[in-house]
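Overview (structure and organization)
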Amino acid sequence: MLHHFDEGDLVSVLTTQPLDRMLDYKAPEGGCFQGAFVEVPLGPRKVIGVVWDKGEGGYDLAKVRSVIRVLDAVPMREEMARFLTKAAEYTLTPMSAMLRLATRSPGLGDPPSMRVIYRRGTVDAPDRWTSAREKVVAVLDDFGGLAFTLKELAEMAGVSTSVVKGLVAQGVVAEEQSPRDLPYPRLDPERSRVALTDEQSGAARTLSDGVESRRYGTTLLKGVTGSGKTEVYLEAVATCLRAGRQALVLLPEIALTAEFLTRVEDRFGARPAEWHSGVTMTERRRAWKMVAEGGAELVVGARSALFLPYRDLGLIVVDEEHDTSYKQEDGVLYNARDMAVLRASLNDAQVVLASATPSLESWANVEAGKYARVELTSRFGEAVMPEMRAIDMRAESLPSNRWISETLARAVRVRVEADEQALLFLNRRGYAPVTICRACGHQIGCDQCDARMVEHRFQRRLMCHQCGETKPIPAACPSCEAEDRLAPVGPGVERLAEEVAGLFPDARVAILSSDLFGSARALKAQIEEIAGGGADIIIGTQIVAKGHNFPHLTLVGVIDADLGLQGSDLRAAERTFQLMRQVAGRAGRAEKPGLALMQTYQPEHPVIRAILSGEEEAFWRAEAAERKAAGVPPYGRMAGIVLSSPDVQEVFDVGKALAARTEPLHRIGAQVFGPAAAPIARIRGRHRVRLLVKAEKSAPLQQALSAWIGQLKYPTNLRLSVDIDPQSFL
Ligand SMILES: [Zn+2]
Ligand SMILES: [Zn+2]
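Residues numbered from 1 in each chain as written. Chains lettered and ligands numbered in written order. Predicted model: local features only at pLDDT ≥ 70, side-chain atom pairs only at ≥ 80, totals over all residues. Heavy atoms only, no water.

**Description of the overall build of the protein**
- Within the protein, the regular secondary structure consists of 20 helices and 31 strands.
- C-alpha extents for the protein along the principal axes are approximately 80 × 75 × 60 Å.
- Counting all 730 residues of the protein, 53% fall into the buried class.
- In the protein, the share of contacts with a sequence separation of at least 24, taken over all contacts with a separation of at least 6, comes to 75%.
- Of the accessible surface of the protein, which amounts to about 32,100 Å², a share of 49% is contributed by carbon and sulfur atoms.
- Across the protein, the centroid of the 90 positively charged side chains sits 3 Å from that of the 94 negatively charged ones. (Helix = DSSP H or I, 4+ residues; strand = E, 2+ residues; numbered from the N terminus. Buried < 20%, exposed > 50% of the residue type's maximum accessible area, 1.4 Å probe, protein only. Contact = heavy atoms within 4.5 Å. Areas by Shrake-Rupley, 256 points an atom, 1.4 Å probe, with all protein chains shown as cover. Lys, Arg positive; Asp, Glu negative; His and termini not counted. Charge placed at Lys NZ, Arg CZ, Asp CG, Glu CD.)

This is the structure:
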C-alpha cells in the first residue's frame, strides 16, 4: 500500500531535473500519496516530479516550499519505483534521467481534458425522417452503444454535421462530455483464427503454464524463421489477458509494427495500444494513461514501452531478442532485453525471448539453467529451411566495379523467369562507401567526424553515417582541386541496383534501405507492395532481415558474406552468423523451396562453414568456448567508458587521470584498458577517448565504477558516458 501524506507533511520529491538528489517539499492541501505525480517549484520554475518518500528534514522548515498541485495521473506504483531504482543502479544512470524515461507522456501536467461525443438518444424517431437522418441513426444502431465524435459520425454516415446537430435538437442523438483518453477496446482471448500444430500447441502450453504460475521466469522461444513463433507467444498473451494482467510485446523495428498489429487484430478481434516514436502525441498520452489505469491490456512497442506505468504487467515478449536495436545507444544506455528481465522479476511476471538466432547471452543463460528453453523445429505448412551454399569468389574472376558473380546472376535469372522473387542482400546504404580522388588519393570525409562520407546518388548528396551531415557531391577534389577525378569505391545498395539494371533490364527492381523512406509508413507501403509481388528483384540492407514476410521469395543472394567478419567487435562472428541465417530464412517461406547463395572469399572460415552447415549448436558451443577463454561477455563483465570534449588535450588528460586512479577497480580484480582514441575518434566535432573495464562475472562492477569515476571533478564541457555490457565498440 502506498503511504498517504497529510497536508504540510515533509515529502521528498524526485524531479526530472538533472540534480543529484531529491528535494524536500510540504505536501499540498488535501495531502498526497507516495508515488503521486506532482508539480513543484524549483527556483523561478515549475517542474514535474514524483513524491518518492517522506522528507529528510533537518533544516529550517519555514523555508520549505509546498507542492503546487497533484497531477491527474495514477500514482507511481512501488514496483515501478523499484524498477527505476534498480535500472539506475545497473546502468549507473542518475534517477532524474530514469524518471524522464518513465514520464514520456505528452501533456502529463494538463488537466483532464474532455471532448464532446455523440450516441443514440432516448427519443426513437425525429418529427420527420430524411434519408440523411436515416443514415445517421443507422450508423449508431449498427454500432450499438458506441459513441463518436461529430466529425466521425458525420463521415461514417456520409452526411453533413448539421444533420447530426438537427437530430441532437430532437433528442434522437445525445450529445455528451466524455474524457478524451478512452480505454482501448477489449481484446478477446477466446477468438482464435489459426490452428496450431502439435509442436506449437506444446510450446504455447509451456509458456502459458509460466504465465499462470504468477511467478517470475524467462523462457527462450527458439524457432526457425517461419515456424510460427508469433502464433505461439500470442497464446501466452491470451493466457495473460485471461488472468486479468497486462502484456507487452517489444518489436525491434517500427516498420514491423503494422504487420504485427494486423495479426493481433486477427487473433484478438481488436487493436492493442501502440508505443513508439511514430505514434501521435494524442495516442501517446492515451496509451500512457490507459496503461496506468488498466484500460490497455496489451501494448506493442519499441524498447521505451518498458518504462510505461503498467497497472499489473504479467508478460513481456521480446521478439527478435538478438536484435542490436534493443540496445539504447543514446542518453540512458540500456539493453531492453535485460531490462525486461529485471522488470518482470520485480512483478512476478514472465519473459519470452523469441528468436530464430538467439544472442549468445541468452543461449548461455539457458545453458546455465537461468532461462528455460522451448524450441520450434519445423516450419509452418510445407515450407522448409532453404538450402545454403557458398559461392567461392576467388574462382569467379569478376571484372572491377562488378559485384554479382556469374553463378549468382544465373540463379537470379532462373527465378525471375519463373515469376518468383530474388533478394540481393548488401548491408551498405548509399551508392558507394568511399569517394576517392584519382589524382591525389584524397578520400572525402565528414568535417565534424572522423568518418568517410558516403555517396547517396538518389539524393545527390554525400552523407556522414555517424552524424547525418550531408553535403553536395563536389565537382573538384577538395584537396588538390583536380576536376572530374572523384570516383566511387566499393558497392552500396544503390550502386548494386545499377548493376542489376544492366544485367536484368526487364526485371522490376526495388531497393529496401532505411534512408530511402521518409517515414515508417512509406517503408511499410513499399514492403507490402513487394510482398504482394510488386518486384522481381529486391535489393536490401539489414532492414530486410527483420521479420518481413515475402511469400514469393525463393532466392537470397548475399553479396558480401565476409563483410561482418572484419570488425574487431567481440560479437562480429555472432552477428554475422545471426544476420546470414536471418537473411537466408527469408527465402522459401510459402510452398516453394528456397535457396541461399553466399558470395565469400573465405569459404573455409569457421563462421561461414557453420552458417552453411546449419549446425547451430556447434557454432554456439565453439563461440562460447572462445569467449569463456577470453573472459568476455557473457562469461565476464565489461564496461565501456567514453569521454568526449571539443578539446582534444582535455579529453586525453582526463582519460589519463582516470587511468592513474584505478585502485577501486583493482580491489574487485578488474582490469582497465586505455585511454585510447575511440575507433571513431571524432563525432560532431567532439573528440572521443575510450577506456574499457573488464571484470569477472561475479564482481560488483557498478559499485567499483562509481567509486572510480567519483574520484574526479570533470570540466563542464566534457561528457562521460558509462556503457555497461557494451554492444558497440566505436
Ligand atoms: Zn585530389
Ligand atoms: Zn559526421
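**Description of the coordination of the zinc ion (ligand 2)**
- Looking at the zinc ion (ligand 2), the protein donor atoms are Cys446 (SG), Cys449 (SG), Cys464 (SG) and Cys467 (SG), and they sit 2.3 to 2.4 Å from it.
- Taken together, the 4 donor atoms coordinating the zinc ion (ligand 2) span angles of 104 to 114° at the metal, a pattern that classifies the geometry as tetrahedral.
- Counting the intervening residues between successive donors of the zinc ion (ligand 2) yields the motif C-x2-C-x14-C-x2-C. Here the residue Cys446 occupies a position in the loop between strand E19 (434-437) and strand E20 (453-456), and Cys464 occupies one in strand E21 (residues 461-464), the gap between them amounting to 18 residues. Exposure class is identical for Cys446 and Cys464. Each is buried. (Donors = N, O, S within 2.8 Å, 3.2 Å for Na, K, Ca; no water. Tetrahedral: all angles 85-135°; square planar, octahedral: opposite > 155°, others 65-115°.)

**Re the coordination of the zinc ion (ligand 1)**
- Protein ligation of the zinc ion (ligand 1) involves Cys437 (SG), Cys440 (SG), Cys477 (SG) and Cys480 (SG), the donor distances falling in the range 2.2 to 2.4 Å.
- Every donor counted, the 4 donor atoms about the zinc ion (ligand 1) form angles of 106 to 111° at the centre, which fits tetrahedral coordination.
- Mapped onto the sequence, the residues coordinating the zinc ion (ligand 1) show the spacing C-x2-C-x36-C-x2-C. A residue pair is termed long-range when its members are at least 10 positions apart, and Cys440 in the loop between E19 and E20 and Cys480 in the loop between strand E22 (470-472) and strand E23 (486-489) qualify at 40 residues.
- Under the relative-accessibility criterion, Cys480 is labelled partly exposed at 34%.

**Things to note about the packing of aromatic side chains**
- Scanning the entire structure with this criterion turns up 7 aromatic pairs.
- For the pair Phe83 and Phe307, a centre-to-centre distance of 5.4 Å together with 35° between the ring planes defines the contact as tilted. One end of the pair, Phe83, is in helix H1 (residues 78-91); the other, Phe307, is in the loop between strand E13 (298-301) and strand E14 (313-319), and 224 residues separate them in sequence.
- Classification of Phe83 as buried rests on a relative accessible area of 0%.
- Given a relative accessible area of 1%, Phe307 falls into the buried group.
- What links up through ring pairs into an aromatic cluster is the set Phe83, Phe307 and Tyr334. (Phe/Tyr/Trp six-rings, centres within 6.5 Å; stacked < 30°, edge-to-face > 60°.)

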